[in-house]
Amino acid sequence: MDAAFNPADEAFRDEVRAFFKAKLPEHFKRQAQLAPSYVKKEDTRAWHRALYEQGWIAPRWPVEYGGTGWTPTQKHIYEEEYQRAYAPRLSSFGIGLVGPVIFTFGTPEQKAQHLKPILSGEITWCQGYSEPGAGSDLASLKTRAVRDGDDYVVNGQKIWTSHAHHADWIFALVRTDSDPAKKRQEGISFLLIDMKTPGVDVRPIISIDGGHYLNEVFFTDVRVPVANRIGEENKGWTYAKFLLGNERTGIAGVGKSRRKIEKIVGVARAERSDDGGALWDDPAFRARLMEYATKLTALENTNLRMLGREAAGKKIGAEASMLKIAGTEIEQGLNELLVFALGNYVQPYERESLRLDANEFVGPDHGRGAMTEHLLRRAASIYGGTNEVQRDIIAKRVLGL
Ligand SMILES: Cc1cc2nc3c(=O)[nH]c(=O)nc-3n(C[C@H](O)[C@H](O)[C@H](O)COP(=O)(O)OP(=O)(O)OC[C@H]3O[C@@H](n4cnc5c(N)ncnc54)[C@H](O)[C@@H]3O)c2cc1C
């Protein structure tokens, strides 16, 4: 593997940096720094549009469907610079998740209907996988779809559906065969459902940080054209697994964690009013931070090693679980350390920072949004497949235990 970046890669990095510098409005950056999950919907859409117009919206898609044709290393550089620039995170449900399912398994009509609006950001999506009682054990899902002429009639409930209250469409796993003699995975189908269809009801779940981005989605006699099914009936598990494989790409979050370390150093170096010293003078604190910095370097190298393998045409499978575990543990550890370093200042920062239009903040800049981020990202080790389940995957499929 060639982990070092060559001059062409460095030139590419300069191009990406120059684009972000020129096109990323200061207030988008500020919002993303304050509370990344609270970037306004219209701003997210505007940023999506800017990337679409630049032709950079879907680096992982094949060129024929609107991808960039970048090498794995260029994709890595782009993601790193994206995070470093504090560019707002865009929803992954369309471009990252359902788009690849549609261009891989969809009919020509489904491709014609959905791919362009996904790329342009005109239509947004949410993910209807989890149900009460079906999370890690997803195959136990119970939402039913019963065939009636050219439609399915869908009844049931999804939960933890991120951004369902903004989404235009949902991709949902539904049960189309409940025969107890068959494996549960063999009775699942993958449907594309317009959220405006009568019988779709979205109810909010407020998360621990006080924000609303999670929901419950109820389906009551919702009629979905059979033409909206991806692939074959009862083969939905295959497409669902393909989609989950894409969910774990780009999850290491190296650039974001590097920025966090810079923040923590800034806070720790500041003089404290109580005893006149700085937290930075405490060797135990520095040791904790250095431990994360070392882990982050190891993570970056692991990420680059996998990219090298991908560039050599090898498939990355279960190994991506390592990136998910390490990336989220480092992220959560650094969030905790930042909150610790800020001490009493954490609460006033939050009160101010959640008012996104306010221009005034309490305390120095590096603390903004720290508590919000800390609380919100407790979920990072749960969503996208819990870290315990990722460990199971590594045990079975990487270590062969
Ligand atoms: C912020 C957030 C956003 C989300 N967004 C979406 C979304 O948009 N769409 C969607 O469909 N879902 C979404 N989810 C749901 C998410 O995918 C599930 O929460 C996750 O898969 C875990 O399922 P569960 O919550 O039912 O927990 P459970 O599966 O009940 O797990 C409970 C605990 O048991 C452990 N456990 C379970 N099975 C095993 C095992 N085999 N071995 C070891 N330990 C195990 C888990 O690790 C966990 O600690 C979101 C969740 C969160 C928190």
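Everything quoted here is computed from the prediction, not taken from an experiment.

**Q** Could you clarify how one ought to interpret the packing of helix α4 (residues 72–84) against helix α9 (residues 283–311) in this entry?
**A** Packed helix pairs are specified by the crossing angle of their axes together with the interaxial distance, meaning the distance between the axes. Running from N to C, α4 and α9 point in directions that differ by 145°, and their axes come no closer than 9 Å. Touching Pro72, His76 and Glu80 of α4 are Glu300, Asn303, Leu304, Leu307, Glu310 and Ala311, all from α9. Looking at the contact of α4 with α9 residue by residue, the classes come out as four nonpolar, two polar and three charged.

**Q** Can you walk me through the site of the ligand in this structure?
**A** Near the ligand there are 18 residues, and of these Ser130, Ser136, Trp160, Thr386 and Glu388 occur at the shortest range. Residue threonine 386 places a side-chain N or O atom 2.7 Å away from an oxygen atom belonging to the ligand. Burial of the ligand by the protein chains amounts to 65% of its free accessible area of 970 Å². Of all the secondary-structure elements, those providing two or more residues to the shell around the ligand are β7 (212–225) and α13 (387–398). The dominant element in the shell around the ligand, judged by the number of residues it contributes, is α13, at three residues.

**Q** What exactly am I supposed to notice about a nonpolar patch on the surface here?
**A** On the surface, a cluster of nonpolar side chains totalling about 330 Å² of accessible area is made up of Val398, Leu399 and Leu401. Positionally, leucine 401 belongs in the segment after α13.

**Q** Even after reading the chapter, I still don't get helix α8 (residues 254–269), so can you show me in this structure?
**A** Residue pairs three or four apart in sequence face the same way in an α-helix, which turns once every 3.6 residues. Over its 16 residues, α8 runs 23 Å from end to end, which matches the ideal 22 Å to within 8%, given 1.5 Å per residue. Three or more residues of α8 are buried, namely Val254, Gly255, Ser257, Lys260, Ile261, Lys263, Ile264, Val265, Val267 and Ala268.

**Q** Which parts of the structure should I look at to understand the packing of aromatic side chains?
**A** Applying the stated criterion across every chain yields a total of 21 aromatic pairs. Seen in terms of ring centroids, tyrosine 129 and phenylalanine 171 are 6.0 Å apart; in terms of plane orientation they differ by 90°. Their pairing is edge-to-face. Separated by 42 residues along the polypeptide, tyrosine 129 in the loop between β1 (125–128) and β2 (144–148) and phenylalanine 171 in strand β4 (residues 169–175) bring together distant segments of the chain. Judged on exposure class, the residue tyrosine 129 and its partner phenylalanine 171 are both buried. Feature note: the residues Phe12, Phe19, Phe20, Trp47, Trp56, Trp70, Tyr78 and Tyr82 constitute an aromatic cluster, connected by ring pairs. One cation-aromatic arrangement involves arginine 13 over phenylalanine 5; the distance from NZ or CZ to the ring centre is 5.0 Å.

**Q** Hey, could you run me through the nonpolar core in this one?
**A** When a protein is soluble and globular, its nonpolar side chains tend to lie buried together. In terms of nonpolar packing, the biggest core is built from 45 residues, with Trp47, Tyr78, Phe171, Phe190 and Leu192 touching the most fellow members. Of all elements in the fold, only α1 (7–23), α3 (41–54), α4, α5 (93–105), α6 (108–120), β4, β5 (188–194) and α7 (236–247) reach the threshold of two or more residues within this core. In terms of residue count, α5 provides more of this core than any other element does, seven residues in total. Counting only domains with at least three residues in this core, you end up with domain 1 (7–90) and domain 2 (125–234). Setting aside chain neighbours within four positions, we find phenylalanine 171 in contact with Phe93, Leu97, Val98, Trp125, Cys126, Gln127, Gly128, Tyr129, Phe190, Leu191, Leu192 and Leu243. Counting residues in each nonpolar core, the second largest holds 26 residues, with Ala293, Leu338, Val339 and Ala370 among its members.

Cut-off values and rules
Residues numbered from 1 in each chain as written. Predicted model: local features only at pLDDT ≥ 70, side-chain atom pairs only at ≥ 80, totals over all residues. Heavy atoms only, no water. Axes fitted to C-alpha atoms, helices over the stretch in contact; angles between N-to-C directions. Helix = DSSP H or I, 4+ residues; strand = E, 2+ residues; numbered from the N terminus. Contact = heavy atoms within 4.5 Å. Nonpolar A, V, L, I, M, F, W, Y, C, P; charged D, E, K, R; others polar. Near = heavy atom within 4 Å. Polar contact = N/O pair within 3.5 Å; in protein donor to acceptor, adjacent residues only side chain to side chain. Areas by Shrake-Rupley, 256 points an atom, 1.4 Å probe, with all protein chains shown as cover. Patch = residues over 30% accessible without salt bridge, like charges linked within 9 Å, V, L, I, M, F, W, Y side chains within 5 Å. Salt bridge = Lys/Arg side-chain N within 4 Å of Asp/Glu carboxyl O. Expected span 1.5 Å × (residues − 1). Buried < 20%, exposed > 50% of the residue type's maximum accessible area, 1.4 Å probe, protein only. Phe/Tyr/Trp six-rings, centres within 6.5 Å; stacked < 30°, edge-to-face > 60°. Lys NZ or Arg CZ within 6 Å of the ring centre and 35° of its normal. Core = buried A, V, L, I, M, F, W, Y, C linked by side-chain atoms within 4.5 Å. Domains from an automatic or database assignment.

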